[in-house]
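Examination of the molecular architecture
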Amino acid sequence: MIHYRTAVRETGHAPLDTAVALAQSGLFGTYVVYENPGGWCVAGGVVAEVVVTADSVRCTWQGSTTEEPWYGDPLARVQQFLDTLPVAGWAAYGWCAFELAYAVSGMPLAGGVLLHLVVPETEVVLDGGRALVRSTHSGTLSAVENVIDRVQAPAGPAPRTVDVDLDANACAYRGAVTSVVSDIRAGALHKAVLSRVVPVDAELDFPASYAAGRRANTPARSFLLRMGDLQCLGFSPEMVVEVDATGRVASQPLAGTRALTGDADADRRLRADLLADPKELHEHAISVKVAVDELAGPCKPDTVVVEEYMTVKERGSVQHLASRVTGRMPEGAGPWDAFTAVFPAVTASGVPKRPAYEAIRQYEPEPRGPYAGTVMRVTQDGGMDAALVLRSVYAQGGRTWLRAGAGVVEHSLPERELEETREKLRCVAHTLVARAESPAEPLRMAAAADGRSHC
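Predicted model, so just to flag it, every value in this text is computed and none were measured.

**A short note on helix α8 (residues 278-295)**
Over its 18 residues, α8 extends 26 Å from the first C-alpha to the last, a length consistent with the 26 Å expected when each residue adds 1.5 Å. One side-chain oxygen at the N-terminal end of α8 lies 2.9 Å from the backbone nitrogen of lysine 279; it belongs to aspartate 277.

**Observations concerning the sheet that holds strand β13 (residues 230-236)**
What the 11 strands build is an open sheet, ordered β1-β10-β9-β3-β2-β12-β13-β22-β23-β11-β19; its pairing is antiparallel. Bordering the open sheet on either side are β1 (5-10) and β19 (350-351), each of which pairs with just one other strand. Pairing analysis gives five bridges linking strand β2 (residues 31-36) to strand β12 (residues 221-227), with the strands arranged antiparallel. Its bridge partner being in β12, valine 33 is matched across the sheet by leucine 224. Those strands touched by helix α6 (residues 206-216) are β2, β3 (39-44), β12, β13 and β22 (392-396), and its axis lies near 5 degrees from that of β13. Taken strand by strand, α8 contacts β11 (191-199), β19 and β23 (399-408), and its axis lies near 105 degrees from that of β11.

**Quick look at the packing of helix α1 (residues 15-24) against α6**
Close contact between α1 and α6 brings their axes to 9 Å; oriented N to C, the two are set at 165 degrees. Relative to α6, the element α1 is oriented roughly antiparallel. Along this stretch, α1 crosses α6, giving a crossing that reads as right-handed. Facing Leu16, Asp17, Val20, Ala23 and Gln24 of α1, the residues of α6 in contact are Pro207, Ala208, Tyr210, Ala211, Arg214 and Arg215. Broken down by class, the residue content of the contact of α1 with α6 amounts to seven nonpolar, one polar and three charged.

**Observations regarding the nonpolar core**
If you look at the biggest cluster of nonpolar residues, it comprises 76 residues, and the most contacted ones within it are Val78, Leu82, Leu115, Val241, Trp336 and Phe339. Residues in contact with tryptophan 336, not counting those within four places in the same chain, are Leu75, Val78, Gln79, Leu82, Leu115, Leu117, Met376, Val378 and Met384. Leu166, Ala168, Leu233 and Leu425 belong to the second largest nonpolar core, which has 44 residues in total.

**Re the pairing of strand β21 (residues 384-388)**
When you tally the buried positions in β21, you get five out of five residues, the bulk of the element. Going residue by residue along β21, you find Met384, Ala386 and Leu388 tucked away on one face and Asp385 and Ala387 tucked away on the opposite face as well. With five bridges joining them, strand β20 (residues 374-379) and β21 adopt antiparallel strand pairing. The residue bridging arginine 377 from the neighbouring strand is aspartate 385, located in β21. Following β20, the chain reverses through four residues before pairing antiparallel with β21; glycine 382 in that reversal takes a positive phi of roughly 100 degrees.

**What about the packing of α1 against helix α4 (residues 138-149)?**
With their axes 9 Å apart at the nearest point, α1 and α4 run at an angle of 130 degrees to one another. With respect to each other, α1 and α4 are oriented oblique. Relative to α4, the crossing made by α1 is right-handed. Taken together, the residues of α4 that come into contact with α1 (itself represented by Thr18, Ala21 and Leu22) are Val144, Val147 and Ile148. When its residues are assigned to classes, the contact of α1 with α4 shows five nonpolar, one polar and no charged.

**What about unusual backbone geometry?**
Here the amide bond leading from phenylalanine 343 into proline 344 is cis, since omega sits at -5 degrees, within 30 degrees of zero. Checked against the element boundaries, proline 344 lands in the loop between α9 (335-342) and β19. Here valine 351 and proline 352 are connected by a cis peptide whose omega angle stands at -20 degrees. For alanine 372, which is not glycine, the phi dihedral falls at a positive 70 degrees.

**So, the pattern of salt bridges**
Under the defined criterion, the tally for this structure stands at 34 salt bridges. With its nearest N and O atoms 3.1 Å apart, the salt bridge here joins lysine 279 to glutamate 417. With lysine 279 in helix α8 and glutamate 417 in helix α11 (residues 414-429), this pair connects stretches of sequence that are 138 residues apart. A network of salt bridges, in which partner residues are shared, links Lys191, Arg258, Asp273, Asp277, Lys279, Glu280, Glu283 and Glu417.

**Description of the packing of aromatic side chains**
Counted according to the given criterion, the structure contains seven aromatic pairs. Ring centres 5.6 Å apart and planes at 75 degrees place the aromatic pair tryptophan 336 and phenylalanine 339 in the edge-to-face group. With a gap of three residues between them, tryptophan 336 and phenylalanine 339 both fall in helix α9, about one helical turn apart. Phenylalanine 339 gets classed as buried once you look at its relative accessible area, which sits at 1%. On the numbers, 4.9 Å between centres and 15 degrees between planes, the contact of phenylalanine 339 with phenylalanine 343 is stacked. A relative accessible area of 8% means that phenylalanine 343 is categorised as buried. Across from the ring centre of tyrosine 102, 4.9 Å away, lies the NZ or CZ of arginine 361, which sits over that ring. Over the ring of phenylalanine 98 we find arginine 368; its NZ or CZ atom is 4.4 Å from the centre of that ring.

**Comments concerning the side chain of serine 251**
Among the secondary structure elements, serine 251 is positioned in strand β15 (residues 248-251). Here serine 251 falls in the buried class, since its relative accessible area comes to 9%. Among the polar contacts made by the side chain of serine 251, one reaches the main-chain carbonyl oxygen of valine 240 at a distance of 3.0 Å. Residues contacting serine 251, with those up to four places away along its chain left out, are Met239, Val240, Leu295, Ser323, Arg324 and Val325.

Reading the values: rules and limits
Residues numbered from 1 in each chain as written. Predicted model: local features only at pLDDT ≥ 70, side-chain atom pairs only at ≥ 80, totals over all residues. Heavy atoms only, no water. Helix = DSSP H or I, 4+ residues; strand = E, 2+ residues; numbered from the N terminus. Expected span 1.5 Å × (residues − 1). Polar contact = N/O pair within 3.5 Å; in protein donor to acceptor, adjacent residues only side chain to side chain. Pairing = 2+ DSSP bridges. Contact = heavy atoms within 4.5 Å. Axes fitted to C-alpha atoms, helices over the stretch in contact; angles between N-to-C directions. Parallel < 35°, antiparallel > 145°, perpendicular 65-115°, else oblique. Left-handed = near helix turned anticlockwise from the far one by under 90°. Nonpolar A, V, L, I, M, F, W, Y, C, P; charged D, E, K, R; others polar. Core = buried A, V, L, I, M, F, W, Y, C linked by side-chain atoms within 4.5 Å. Buried < 20%, exposed > 50% of the residue type's maximum accessible area, 1.4 Å probe, protein only. Salt bridge = Lys/Arg side-chain N within 4 Å of Asp/Glu carboxyl O. Phe/Tyr/Trp six-rings, centres within 6.5 Å; stacked < 30°, edge-to-face > 60°. Lys NZ or Arg CZ within 6 Å of the ring centre and 35° of its normal.

Here you go:
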């Protein structure tokens, strides 16, 4: 059994600054920064790893890798691997692609990573001015303490931001919305969330962009990760699912959007318009009904309730209609039961989900990958915290891009749905920071550190 060594440090700095410093330190080639109500968590390095692709489940433990094809539900193999890990008090971090829903539904897959989780060598939990550091490697524990002790508040001139064309692919998007409205009126489905891709023509400093974006946003969760060849940061407006160690489950559908301008009078008018718009109210109501029906599956009878209905939540550059649905699972059920029941979020897919998947595949230009999937933290005691990946920026394979969508229903207007995507893109587009210099040396250091973690 592997045990973590622990240390507690008083930081004297904001958790965001410390988390970003750890991401920038070069200690870890693989890392996840995840902000939840308990504070910021920083997971670095790899003790164990599980990767689900369209063809197989690949599990790595102490330098030994097994890869097997999966049949039926690939998450069963993920759960089995995590449940048998000989690591005391583990927590797993990572992400899953939107297309994991296709795998669970038995739909054909084109390839790519569907889920990537790691149990880190080192975990840092930042709460206020205090850092709890855990590591399986004493040298890394000391190195992390040194980074924490040397954190400096941001200073100097403002970093160079990046211009993004928020109208990229606008014409194609209007046409896709028109096509989906026709499908809805023909009875094929009730709602589909259609997204568009906006390229970023610059190399970004992801930790600096995360810091700048977090200061400008009010997310339900935020995250920054580098796993494999994927970099991603985001400011999630809603939770896909939360499960605590007692089996209590919660989901938070958000549907219905207006801009937040910063002008108090204008924002009040937009809020009143949102609360009176039949299209937005309809879109939200059907999303809440689906959330209730989905949680009824894994939860005990008569425990599923709508705790909060159609309030307005402010999320960076937008405001949303929001509800919260909760339930309680029976003894013996686990977090993956709840996750399978609700994933993907209805607010990022559609109603019914299977026809919405078909519309998304037909009318969107490329697979979604992490967009509208989740970034998650899973714990040994049965907890899960899975945030919806929206308001995010991605880099992979030499590309960097943004992506945003809008819920299309029968009364949708293409220009309004396009404007909604612009409103959402502004949550991240205005705070992207260009990379100042090559990070080659930190990456080499981090790769060596991760290589040691497998030993």
